[in-house]
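Breakdown of the fold
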Amino acid sequence: MPQRNHYTDPSDHAADRNVQAGACTTGVLLVNLGTPEAPTARALRPYLAEFLSDRRVIDYPRWKWWPILQVILAIRPRRSAHAYAQIWTEAGSPLRVLSEALGAALQAELGGQLRVALAMRYGAPSVAGKIAELQAAGVRRLLVLPLYPQYSATSTGSVIDAVADALKRLRWPPELRLVNDYHEDPTHIEALATRIERWWEANGRGDKLLLSFHGIPERYVRLGDPYLAQCQATAARLRARLALDENQLLMSFQSRVGRETWLQPYTDATVRRLAGEGVKRLDVACPGFAVDCLETLEEIAMQNRDFFLEAGGQELRYIPALNDSPEQVASLAAIVRRHAQGWPGLNS
(Lines give C-alpha, C1' and ligand atoms only; values in the text may rest on other atoms or scores of the structure.)
Protein backbone atom coordinates (compact mmCIF):
# COMPACT_ATOMS: atom_id res chain seq x y z
CA MET A 1 0.00 0.00 0.00
CA PRO A 2 1.55 3.33 -1.02
CA GLN A 3 2.43 5.71 1.78
CA ARG A 4 0.06 8.64 2.13
CA ASN A 5 1.62 12.01 1.33
CA HIS A 6 0.67 14.48 4.06
CA TYR A 7 2.27 17.44 2.29
CA THR A 8 1.58 19.58 -0.74
CA ASP A 9 4.58 19.62 -3.05
CA PRO A 10 5.34 22.01 -5.92
CA SER A 11 3.95 20.40 -9.06
CA ASP A 12 6.82 18.88 -11.06
CA HIS A 13 9.22 20.84 -8.83
CA ALA A 14 8.06 24.06 -10.50
CA ALA A 15 9.33 26.20 -7.64
CA ASP A 16 12.82 24.73 -7.95
CA ARG A 17 12.86 25.39 -11.71
CA ASN A 18 11.67 28.95 -11.19
CA VAL A 19 14.42 29.59 -8.64
CA GLN A 20 17.02 28.21 -11.03
CA ALA A 21 15.64 30.39 -13.82
CA GLY A 22 16.12 33.49 -11.69
CA ALA A 23 12.44 34.17 -10.99
CA CYS A 24 11.49 36.56 -8.21
CA THR A 25 11.97 34.57 -5.00
CA THR A 26 10.68 37.08 -2.44
CA GLY A 27 6.95 37.51 -1.96
CA VAL A 28 4.73 39.94 -0.07
CA LEU A 29 1.34 38.58 0.96
CA LEU A 30 -1.21 41.26 1.81
CA VAL A 31 -4.13 39.88 3.81
CA ASN A 32 -7.46 41.61 4.42
CA LEU A 33 -10.54 40.40 6.25
CA GLY A 34 -12.59 39.10 3.32
CA THR A 35 -15.94 39.56 1.69
CA PRO A 36 -18.86 37.50 0.40
CA GLU A 37 -18.97 36.80 -3.31
CA ALA A 38 -22.29 38.59 -3.73
CA PRO A 39 -24.66 40.76 -1.63
CA THR A 40 -27.10 37.89 -1.12
CA ALA A 41 -28.16 35.79 1.84
CA ARG A 42 -26.98 32.68 -0.02
CA ALA A 43 -23.47 34.10 -0.41
CA LEU A 44 -23.40 35.53 3.12
CA ARG A 45 -24.14 32.27 4.89
CA PRO A 46 -20.86 30.40 4.13
CA TYR A 47 -18.85 33.59 4.57
CA LEU A 48 -20.34 34.30 7.99
CA ALA A 49 -20.05 30.63 8.97
CA GLU A 50 -16.30 30.69 8.28
CA PHE A 51 -15.82 34.03 10.02
CA LEU A 52 -17.88 33.24 13.11
CA SER A 53 -16.38 29.75 13.47
CA ASP A 54 -12.90 31.22 13.94
CA ARG A 55 -11.93 30.72 17.59
CA ARG A 56 -9.82 33.87 17.44
CA VAL A 57 -13.00 35.85 16.76
CA ILE A 58 -15.38 34.01 19.10
CA ASP A 59 -13.58 32.19 21.90
CA TYR A 60 -16.58 30.61 23.61
CA PRO A 61 -16.45 26.83 24.14
CA ARG A 62 -17.72 25.01 21.06
CA TRP A 63 -20.58 23.35 22.95
CA LYS A 64 -21.84 26.78 23.98
CA TRP A 65 -21.24 28.64 20.71
CA TRP A 66 -22.41 26.05 18.16
CA PRO A 67 -26.19 26.31 18.83
CA ILE A 68 -25.95 30.11 19.00
CA LEU A 69 -24.12 30.14 15.67
CA GLN A 70 -26.88 28.13 14.02
CA VAL A 71 -29.47 30.70 15.11
CA ILE A 72 -27.27 33.53 13.81
CA LEU A 73 -26.79 31.80 10.46
CA ALA A 74 -30.55 31.44 10.11
CA ILE A 75 -31.18 35.16 10.67
CA ARG A 76 -28.14 37.31 9.99
CA PRO A 77 -27.32 36.49 6.33
CA ARG A 78 -30.47 38.23 5.09
CA ARG A 79 -29.80 41.32 7.24
CA SER A 80 -26.15 41.46 6.23
CA ALA A 81 -27.06 41.01 2.56
CA HIS A 82 -29.24 44.10 2.74
CA ALA A 83 -26.34 46.09 4.21
CA TYR A 84 -23.89 44.85 1.56
CA ALA A 85 -26.38 45.70 -1.18
CA GLN A 86 -26.23 49.36 -0.09
CA ILE A 87 -22.53 49.61 -0.95
CA TRP A 88 -22.01 46.98 -3.66
CA THR A 89 -20.63 48.35 -6.93
CA GLU A 90 -20.66 47.16 -10.53
CA ALA A 91 -17.07 45.99 -9.98
CA GLY A 92 -18.07 44.02 -6.88
CA SER A 93 -17.33 44.30 -3.17
CA PRO A 94 -15.59 47.59 -2.29
CA LEU A 95 -13.25 45.83 0.12
CA ARG A 96 -12.03 43.40 -2.52
CA VAL A 97 -11.89 45.94 -5.37
CA LEU A 98 -10.01 48.49 -3.27
CA SER A 99 -7.69 45.87 -1.79
CA GLU A 100 -6.82 44.64 -5.27
CA ALA A 101 -6.14 48.21 -6.41
CA LEU A 102 -3.90 48.71 -3.38
CA GLY A 103 -2.02 45.48 -4.13
CA ALA A 104 -1.48 46.47 -7.75
CA ALA A 105 -0.24 49.94 -6.78
CA LEU A 106 2.11 48.46 -4.19
CA GLN A 107 3.49 46.02 -6.78
CA ALA A 108 4.20 48.94 -9.13
CA GLU A 109 5.90 50.86 -6.32
CA LEU A 110 8.09 47.94 -5.23
CA GLY A 111 9.04 46.89 -8.75
CA GLY A 112 10.24 43.49 -9.83
CA GLN A 113 12.29 42.63 -6.75
CA LEU A 114 9.22 41.46 -4.86
CA ARG A 115 6.05 39.68 -5.96
CA VAL A 116 2.91 41.07 -4.28
CA ALA A 117 -0.17 38.91 -3.77
CA LEU A 118 -3.48 39.54 -2.01
CA ALA A 119 -5.42 37.05 0.10
CA MET A 120 -8.52 37.21 2.25
CA ARG A 121 -8.69 35.67 5.70
CA TYR A 122 -12.27 34.56 5.04
CA GLY A 123 -13.64 33.75 1.62
CA ALA A 124 -11.62 34.00 -1.58
CA PRO A 125 -8.84 34.21 -2.51
CA SER A 126 -7.69 32.16 0.46
CA VAL A 127 -4.42 32.51 2.34
CA ALA A 128 -3.48 28.90 1.58
CA GLY A 129 -4.29 29.28 -2.11
CA LYS A 130 -2.20 32.42 -2.52
CA ILE A 131 0.76 30.93 -0.65
CA ALA A 132 0.57 27.91 -2.98
CA GLU A 133 0.57 30.25 -6.00
CA LEU A 134 3.60 32.12 -4.69
CA GLN A 135 5.42 28.86 -4.03
CA ALA A 136 4.68 27.65 -7.55
CA ALA A 137 6.09 30.94 -8.86
CA GLY A 138 9.37 30.27 -7.08
CA VAL A 139 8.91 32.39 -3.95
CA ARG A 140 11.24 31.13 -1.23
CA ARG A 141 11.03 34.10 1.15
CA LEU A 142 7.64 35.40 2.26
CA LEU A 143 6.70 38.59 4.11
CA VAL A 144 3.11 38.58 5.39
CA LEU A 145 1.53 42.01 5.83
CA PRO A 146 -1.98 41.93 7.33
CA LEU A 147 -3.86 45.09 6.38
CA TYR A 148 -4.66 45.84 10.02
CA PRO A 149 -2.63 48.76 11.41
CA GLN A 150 -3.42 47.79 15.02
CA TYR A 151 -2.80 44.24 16.24
CA SER A 152 -5.62 42.18 17.67
CA ALA A 153 -5.79 38.44 18.15
CA THR A 154 -9.16 38.63 16.37
CA SER A 155 -7.59 40.02 13.18
CA THR A 156 -3.80 39.81 12.80
CA GLY A 157 -3.63 36.85 15.15
CA SER A 158 -6.12 35.00 12.99
CA VAL A 159 -4.07 35.76 9.87
CA ILE A 160 -1.02 34.27 11.58
CA ASP A 161 -3.05 31.14 12.30
CA ALA A 162 -4.10 30.86 8.65
CA VAL A 163 -0.51 31.30 7.43
CA ALA A 164 0.74 28.67 9.88
CA ASP A 165 -1.98 26.24 8.78
CA ALA A 166 -0.98 26.77 5.14
CA LEU A 167 2.75 26.40 5.73
CA LYS A 168 2.51 23.24 7.80
CA ARG A 169 1.02 21.49 4.76
CA LEU A 170 4.02 22.36 2.57
CA ARG A 171 6.97 20.01 2.33
CA TRP A 172 9.29 22.97 1.67
CA PRO A 173 7.84 26.08 3.35
CA PRO A 174 9.35 29.46 2.48
CA GLU A 175 11.37 31.52 4.93
CA LEU A 176 8.80 33.62 6.78
CA ARG A 177 8.53 37.10 8.25
CA LEU A 178 5.39 38.78 9.63
CA VAL A 179 4.38 42.39 10.22
CA ASN A 180 2.50 42.35 13.53
CA ASP A 181 1.28 45.94 13.34
CA TYR A 182 2.14 49.39 12.07
CA HIS A 183 -0.08 51.52 14.30
CA GLU A 184 2.67 54.04 15.18
CA ASP A 185 4.72 53.84 12.00
CA PRO A 186 5.67 57.46 11.13
CA THR A 187 4.92 57.03 7.42
CA HIS A 188 1.50 55.58 8.23
CA ILE A 189 0.63 58.40 10.64
CA GLU A 190 1.74 60.93 8.05
CA ALA A 191 -0.42 59.25 5.40
CA LEU A 192 -3.47 59.40 7.69
CA ALA A 193 -2.84 63.04 8.60
CA THR A 194 -2.34 64.01 4.97
CA ARG A 195 -5.60 62.31 3.98
CA ILE A 196 -7.52 64.23 6.65
CA GLU A 197 -5.86 67.57 5.88
CA ARG A 198 -6.50 67.28 2.15
CA TRP A 199 -10.11 66.31 2.78
CA TRP A 200 -10.51 69.39 4.98
CA GLU A 201 -8.94 71.57 2.29
CA ALA A 202 -11.53 70.33 -0.21
CA ASN A 203 -14.59 70.15 2.05
CA GLY A 204 -14.02 72.47 4.98
CA ARG A 205 -13.53 71.40 8.58
CA GLY A 206 -16.22 70.10 10.89
CA ASP A 207 -16.76 71.06 14.51
CA LYS A 208 -14.99 67.92 15.75
CA LEU A 209 -13.07 64.93 14.38
CA LEU A 210 -14.05 61.46 15.59
CA LEU A 211 -11.77 58.45 15.03
CA SER A 212 -13.89 55.30 14.97
CA PHE A 213 -12.06 51.99 15.39
CA HIS A 214 -13.54 48.51 15.11
CA GLY A 215 -14.40 47.21 18.56
CA ILE A 216 -13.55 43.99 20.36
CA PRO A 217 -14.91 42.61 23.66
CA GLU A 218 -13.35 44.28 26.72
CA ARG A 219 -12.62 40.80 28.06
CA TYR A 220 -10.12 40.21 25.25
CA VAL A 221 -8.10 43.22 26.40
CA ARG A 222 -8.13 41.95 29.98
CA LEU A 223 -6.74 38.66 28.65
CA GLY A 224 -3.77 40.48 27.09
CA ASP A 225 -4.83 41.75 23.67
CA PRO A 226 -2.88 45.01 22.95
CA TYR A 227 -5.51 46.39 20.59
CA LEU A 228 -6.90 49.11 22.87
CA ALA A 229 -3.46 50.50 23.69
CA GLN A 230 -2.50 50.53 20.01
CA CYS A 231 -5.70 52.34 18.99
CA GLN A 232 -5.04 54.92 21.70
CA ALA A 233 -1.46 55.32 20.45
CA THR A 234 -2.64 55.88 16.86
CA ALA A 235 -5.12 58.50 18.07
CA ALA A 236 -2.46 60.24 20.18
CA ARG A 237 -0.01 60.35 17.27
CA LEU A 238 -2.66 61.77 14.94
CA ARG A 239 -3.79 64.28 17.55
CA ALA A 240 -0.21 65.55 17.88
CA ARG A 241 0.40 65.59 14.13
CA LEU A 242 -2.83 67.51 13.42
CA ALA A 243 -2.25 69.85 16.40
CA LEU A 244 -5.63 69.04 17.96
CA ASP A 245 -6.53 68.59 21.61
CA GLU A 246 -8.62 65.83 23.20
CA ASN A 247 -11.77 67.91 22.87
CA GLN A 248 -11.22 68.39 19.13
CA LEU A 249 -10.18 64.83 18.25
CA LEU A 250 -12.09 62.04 19.97
CA MET A 251 -12.04 58.25 19.57
CA SER A 252 -14.71 55.56 19.77
CA PHE A 253 -15.38 51.92 18.86
CA GLN A 254 -17.93 50.53 16.43
CA SER A 255 -19.40 47.23 15.21
CA ARG A 256 -20.20 45.61 18.55
CA VAL A 257 -22.41 42.52 18.57
CA GLY A 258 -23.82 40.27 21.26
CA ARG A 259 -24.39 40.97 24.94
CA GLU A 260 -20.80 41.27 26.13
CA THR A 261 -19.35 44.66 27.01
CA TRP A 262 -17.11 45.85 24.18
CA LEU A 263 -14.52 48.60 24.12
CA GLN A 264 -16.04 51.97 24.90
CA PRO A 265 -17.11 54.63 24.14
CA TYR A 266 -19.36 53.16 21.47
CA THR A 267 -19.48 55.05 18.18
CA ASP A 268 -23.28 55.09 17.86
CA ALA A 269 -23.68 56.44 21.40
CA THR A 270 -20.91 58.98 20.81
CA VAL A 271 -22.40 60.51 17.65
CA ARG A 272 -25.77 60.82 19.38
CA ARG A 273 -24.17 62.43 22.43
CA LEU A 274 -22.21 64.92 20.34
CA ALA A 275 -25.32 65.92 18.43
CA GLY A 276 -27.15 66.42 21.71
CA GLU A 277 -24.33 68.64 22.95
CA GLY A 278 -24.73 70.95 19.97
CA VAL A 279 -22.16 69.64 17.50
CA LYS A 280 -23.57 70.41 14.05
CA ARG A 281 -20.89 69.11 11.68
CA LEU A 282 -19.01 65.96 12.68
CA ASP A 283 -16.11 64.54 10.67
CA VAL A 284 -15.43 60.82 11.11
CA ALA A 285 -12.35 58.87 10.03
CA CYS A 286 -11.67 55.16 10.56
CA PRO A 287 -7.89 54.67 10.90
CA GLY A 288 -8.20 50.97 11.69
CA PHE A 289 -9.35 50.16 8.13
CA ALA A 290 -6.82 50.15 5.29
CA VAL A 291 -9.55 50.33 2.64
CA ASP A 292 -13.21 51.22 2.67
CA CYS A 293 -15.63 48.39 3.38
CA LEU A 294 -19.01 47.60 4.90
CA GLU A 295 -18.00 49.00 8.29
CA THR A 296 -17.02 52.38 6.88
CA LEU A 297 -19.31 52.88 3.90
CA GLU A 298 -22.52 51.49 5.41
CA GLU A 299 -22.08 51.51 9.18
CA ILE A 300 -20.43 54.93 9.49
CA ALA A 301 -21.41 56.89 6.38
CA MET A 302 -25.03 55.65 6.43
CA GLN A 303 -26.12 54.22 9.80
CA ASN A 304 -24.23 56.56 12.10
CA ARG A 305 -24.97 59.53 9.85
CA ASP A 306 -28.68 58.80 10.44
CA PHE A 307 -28.11 58.46 14.20
CA PHE A 308 -26.37 61.84 14.24
CA LEU A 309 -29.09 63.58 12.25
CA GLU A 310 -31.89 62.03 14.31
CA ALA A 311 -30.21 63.32 17.48
CA GLY A 312 -30.10 66.90 16.19
CA GLY A 313 -26.85 67.10 14.23
CA GLN A 314 -26.80 68.65 10.79
CA GLU A 315 -24.05 66.81 8.92
CA LEU A 316 -21.86 63.75 9.53
CA ARG A 317 -19.06 63.63 6.94
CA TYR A 318 -17.11 60.41 6.52
CA ILE A 319 -13.46 60.91 5.49
CA PRO A 320 -12.55 58.00 3.17
CA ALA A 321 -9.92 55.43 4.10
CA LEU A 322 -6.44 55.60 2.59
CA ASN A 323 -7.36 52.96 -0.02
CA ASP A 324 -4.83 52.94 -2.90
CA SER A 325 -3.74 56.55 -2.38
CA PRO A 326 -0.10 57.40 -3.12
CA GLU A 327 0.41 58.11 0.60
CA GLN A 328 -0.71 54.64 1.68
CA VAL A 329 1.22 52.94 -1.11
CA ALA A 330 4.41 54.79 -0.16
CA SER A 331 3.84 54.00 3.53
CA LEU A 332 3.31 50.26 2.96
CA ALA A 333 6.28 50.13 0.57
CA ALA A 334 8.49 51.64 3.27
CA ILE A 335 7.21 49.10 5.81
CA VAL A 336 7.83 46.22 3.38
CA ARG A 337 11.36 47.35 2.56
CA ARG A 338 12.22 47.73 6.23
CA HIS A 339 10.93 44.30 7.18
CA ALA A 340 12.60 42.65 4.17
CA GLN A 341 16.02 44.09 4.94
CA GLY A 342 18.80 41.55 4.80
CA TRP A 343 17.16 39.14 2.42
CA PRO A 344 19.43 38.31 -0.52
CA GLY A 345 18.89 40.11 -3.80
CA LEU A 346 16.99 43.07 -2.39
CA ASN A 347 18.24 46.62 -2.47
CA SER A 348 18.23 48.40 0.88
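An account of the accompanying structure is given in this report. (Residues numbered from 1 in each chain as written. Predicted model: local features only at pLDDT ≥ 70, side-chain atom pairs only at ≥ 80, totals over all residues. Heavy atoms only, no water.)

As enumerated under the stated definition, the model contains 18 salt bridges in all. With a closest N to O distance of 3.4 Å, arginine 121 and aspartate 54 form a salt bridge. Separated by 67 residues along the polypeptide, arginine 121 in strand E2 (residues 115-122) and aspartate 54 in the loop between helix H2 (41-52) and helix H3 (62-87) bring together distant segments of the chain. On the basis of relative accessibility, which here comes to 16%, the residue arginine 121 falls in the buried class. A salt bridge links aspartate 185 to arginine 338, with the shortest nitrogen-to-oxygen separation between them at 2.8 Å. Of the two residues, aspartate 185 is situated in the loop between strand E4 (175-178) and helix H7 (186-203) and arginine 338 in helix H12 (residues 326-339); the sequence distance between them amounts to 153 residues. Here the residues in one salt-bridge network are Glu37, Arg96 and Glu100, joined through shared partners. (Salt bridge = Lys/Arg side-chain N within 4 Å of Asp/Glu carboxyl O. Helix = DSSP H or I, 4+ residues; strand = E, 2+ residues; numbered from the N terminus. Buried < 20%, exposed > 50% of the residue type's maximum accessible area, 1.4 Å probe, protein only.)

Another point: the sheet that holds E2. Strand-to-strand pairing in sheets goes through backbone hydrogen bonds, with the strands running parallel or antiparallel. The parallel open sheet is built from 4 strands, whose spatial order is E2-E1-E3-E4. With partners counted over all chains shown, the strands left at the sheet margins are E2 and E4, one partner each. Across the sheet, the mean angle separating the axes of adjacent strands is 25° when strand polarity is ignored. Both strand E1 (residues 26-34) and E2 contribute to a ladder of 7 bridges, which runs parallel. If you follow glycine 34 over to E2, its bridge partner there is tyrosine 122. On the sheet, H2 packs against E1 and E2 and is oriented at approximately 90° with respect to E2. (Pairing = 2+ DSSP bridges. Axes fitted to C-alpha atoms, helices over the stretch in contact; angles between N-to-C directions. Contact = heavy atoms within 4.5 Å.)

Below, the discussion takes up the pairing of E1. In terms of residue burial, E1 counts as a mostly covered element, since 8 of its 9 residues are buried. Bridge count for E1 against strand E3 (residues 141-146) is 6 bridges, and the pairing is parallel. Its bridge partner lying in E3, valine 28 is registered against leucine 143.

Turning to the environment of glycine 27, a few remarks are in order. Positionally, glycine 27 belongs in strand E1. Looking at glycine 27, the relative accessible area reads 0%, which means it is buried. As a C-alpha pair, glycine 27 and isoleucine 131 span 104 residues in sequence and 9.1 Å in three-dimensional space. Not counting residues within four places of it along the chain, the set of residues in contact with glycine 27 comprises Arg115, Val139, Arg141, Leu142 and Leu143.

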